[in-house]
Amino acid sequence: MRNSNNHNNMKNKDEIDFETLNVTFEFGSFDKQGQWMTMDHGGRDYHLPSSSSTTTTTTTNSIFDQNDNEARIPVVFSPLAPSPVELSLIRDRMVYIKRDDLLRLRKSNVSGNKARKMLALNELPMEEFPDAIVSYGGPQSNAMVALAAIVNARNVELMGCDDDAKEQKGGGEDGDDDDDDEIQNNEYWLQDDFKLENDIEDDDDDDDDDHVRNGKVSGKEHKGNHVTLQSLFSTLAHKKRFVYYTKKLPRYLRNQPNGNLLRALSLGMELVELSNDEYKRMFGGENGGSVLAPEGMEPPVPYKSLWVPQGAACALAIPGAKLMAEEIVGFWSVRGNGMPLTVVLPGGTCASAMLLSREINKMLKEREESSKDGNGNGGGDDDDNDDGNDGDDHSNQLDIVVSVIPCIGDEAYAERQMKALDLTTGGNGKDDIPLIFKPWKNAFPRFGEPCPHVLKTFMDMKNNHGIFLDLLYGAAAWNTLLPYLTSQRDSPIKGRQVMYVHSGGLEGVSSQLTRYRHKGLIDSSHLQS
């Protein structure tokens, strides 16, 4: 069942005036060096269009494969419409699935969890967009390729390419069967205007000891919009940059980049490899890396470089978290029938769960205070007033909590990360920390390591429930969640309704399955299904 409001919003996306939505952000604080920019949403309100604030899609017992689903439910563009919600029967328990995997950002087509975290950055006006963005993490990171796509989209804009041409190339509502379409849609500039060549061989002539991969642009005849050499050189002089630090690549990956690494390089990412010791010195710590750039790191463009910590775990993600909180609270106030709800998310840095929990708590508190104010202003006969109060209390008092399933580290590590993020983004480090799932048995699967149990969950969810997951976060999270669905063991979902936030990450599935094949856990036939 399609969401007609979502569909209409997508068709009219170019007609919406974003100023009326208060989608305005600004750069805030600087670090001690005074040369790095850090992102702050400026404390400004962020609102959905009222016509779509509570509109979602609900289906029952969804049985479909990934391709059928994407053909049936179109992608939605944030912040123009909320991600749809479906109702599925899993292990004899009804579970709401919030389809953030269908969420896209305008122009960059970044999807899923990263579309939430990077909404504010994606919507910055060109004049406020940094000249360089710097981040770090693993060589197959979803955040890495998302940042590369956003920066490349700005370079596309600088080239003056027409948005209509982009949509004709495949960007927009009618999703392609390929998992990677959100990135491929962003490559039309490279294909039509220039050929991007990646230096993927060992560069022994670099001035620095560390290997650097730079996206290089070489001219080719353009058959569409006319691009002069003068405009080309002007654009290259003002080209936005994305610099990414990671550990030294394995030889096979350096010689033959694949997956998210290949996509990010093709989008112009500049890759800097560090030794394990240097990487740990710069970005290590029991709580993960700092929200500030490492001491002594020089910005590529002084005063115009934005530092984004690993996974965008910083204030940059607040507007997207607030938007998701509005969608969930709006949906449950209409569909919840007074039942308690636990919202479950997979967690890497656990930033999404932390910020979502805080935003939902704020909204529920505001609803409660609004209800009290309304009751206090009531008048008339006591009996009549009591009846009115009961109805008002029922409509405003919601029981919604957020829970996270750690996919990196253990419960203690997840808690430390969330407390640190909460403290650095204005919280008190205790009141809004999400509930944390414990592993069903002794420990969570090791992150990124091919695991037969995770693969079994991946296949079960795909074949039996029509839910296509990634193997790093989604399948790993459901590997923990599934046994709790039918258990009376104490857990964040015991006696409560469950909403799972499908955070996407599907662009990395092919490379993840390849690792399982190399480990002998899957044969080639499964890679084609």
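Computed from a prediction, not measured in an experiment: that's the story for all the values here.

Analysis parameters
Residues numbered from 1 in each chain as written. Predicted model: local features only at pLDDT ≥ 70, side-chain atom pairs only at ≥ 80, totals over all residues. Heavy atoms only, no water. Helix = DSSP H or I, 4+ residues; strand = E, 2+ residues; numbered from the N terminus. Buried < 20%, exposed > 50% of the residue type's maximum accessible area, 1.4 Å probe, protein only. Contact = heavy atoms within 4.5 Å. Areas by Shrake-Rupley, 256 points an atom, 1.4 Å probe, with all protein chains shown as cover. Axes fitted to C-alpha atoms, helices over the stretch in contact; angles between N-to-C directions. Parallel < 35°, antiparallel > 145°, perpendicular 65-115°, else oblique. Left-handed = near helix turned anticlockwise from the far one by under 90°. Nonpolar A, V, L, I, M, F, W, Y, C, P; charged D, E, K, R; others polar. Pairing = 2+ DSSP bridges. Phe/Tyr/Trp six-rings, centres within 6.5 Å; stacked < 30°, edge-to-face > 60°. Arc of directions from axis to C-beta. pLDDT = per-residue confidence, 0-100. Disulfide = S-S within 2.5 Å.

(A) A look at the overall build of the protein. When you go through the protein residue by residue, the secondary structure sums to 20 helices and 17 strands. Going through the 529 residues of the protein one by one, you find that 54% of them count as buried. Considering only contacts in the protein between residues 6 or more positions apart, those separated by 24 or more positions represent 78%. If you sum the accessible surface of the protein, you get close to 23700 Å²; carbon and sulfur atoms cover 45% of it.

(B) Region of interest: the packing of helix α17 (residues 452-465) against helix α19 (residues 509-518). Following both chains from N to C, one finds α17 and α19 inclined at 135 degrees, their axes separated by 12 Å at the closest point. In terms of their interaxial angle, α17 and α19 are classed as oblique. Here α17 and α19 pass one another in a crossing that is left-handed. Where α17 approaches α19, its residues V454, L455 and F458 are matched on the opposing element by V509, L513 and Y516. Of the residues belonging to the contact of α17 with α19, the class tally is six nonpolar, no polar and no charged.

(C) Structural detail: the pairing of strand β12 (residues 270-274). Most of β12 sits out of view: five of its five residues are buried. Because side chains alternate across β12, one face comprises the buried residues E270, V272 and L274, and the other comprises L271 and E273, equally buried. Alignment of strand β11 (residues 241-247) against β12, held across five bridges, turns out to be parallel. The partner of K247 across the bridge, within β12, is L274.

(D) View of the packing of helix α5 (residues 142-159) against helix α11 (residues 259-266). Axis separation between α5 and α11 bottoms out at 9 Å; the angle between their running directions is 20 degrees. As judged from the angle between their axes, α5 and α11 are roughly parallel. For α5 against α11, the interelement crossing comes out left-handed. Counting all contacts with α5, which are made through N142, M144, V145 and A148, the residues of α11 involved are N260, L261, R263 and A264. When its residues are assigned to classes, the contact of α5 with α11 shows five nonpolar, two polar and one charged.

(E) Expanded view of the packing of aromatic side chains. Within this structure, the stated rule accounts for 15 aromatic pairs. Centre to centre, the rings of F447 and Y473 are 5.4 Å apart; their planes meet at 50 degrees, and the pair counts as tilted. Taken together, the positions of F447 in the loop between β16 (435-436) and α17 and Y473 in the loop between α17 and α18 (474-485) put the pair 26 residues apart, joining distant regions of the chain. Using a relative accessible area of 22% as the deciding quantity, one classes Y473 as partly exposed.

(F) Structural view of helix α12 (residues 276-283). Of the residues making up α12, those classed as buried are Y279, M282 and F283. Projected onto a plane normal to the axis of α12, the buried residues spread over an arc of 75 degrees and lie on a single side. The outward face of α12, more than 90 degrees from its buried face, is lined by the exposed residues D277, K280 and R281. In this fold, the buried residues of α12 make contact with β7 (132-136), β11, β12 and β13 (305-307). Following α12 by one or two positions, G285 has its phi on the positive side, about 140 degrees.

(G) Local environment of α19. All buried positions along α19 are accounted for by V509, S511, Q512, L513 and Y516. G520, located one to two residues past α19, shows a positive phi value of around 80 degrees.

(H) How the structure looks around the confidence of the model for the protein. Per-residue pLDDT for the protein has a mean of 75; in total, 66% of the residues score no lower than 70. Of all helices and strands in the protein, the one with the weakest mean pLDDT is helix α8 (residues 188-192) (31), whereas strand β17 (residues 497-502) scores best (98).

(I) Molecular detail of the sheet that holds β17. The sheet built from six strands is open, its strands ordered β4-β5-β17-β14-β15-β16 with mixed pairing. The open sheet has two edge strands, β4 (85-90) and β16, and neither has a second partner. Of the strand pairs in this sheet, strand β14 (residues 341-347) and strand β15 (residues 400-406) are connected by seven bridges, and their pairing is parallel. In the sheet register, G347 faces β15, and the bridge partner there is P406. Where helix α13 (residues 318-335) meets the sheet, its contacts fall on β4, β5 (93-99), β14, β15 and β17, and the angle it forms with β5 comes to roughly 140 degrees. Its contacts with the sheet place α18 against β4, β5, β14, β15 and β17, and it is angled at close to 155 degrees to β5.

(J) Main features of the state of the cysteines. The full count for this structure, using the stated rule, is zero disulfides. Take C407: it sits in no disulfide, and the sulfur closest to it among the cysteines is that of C350, at 8.0 Å. On the accessibility criterion, C407 (5% relative accessible area) is buried.

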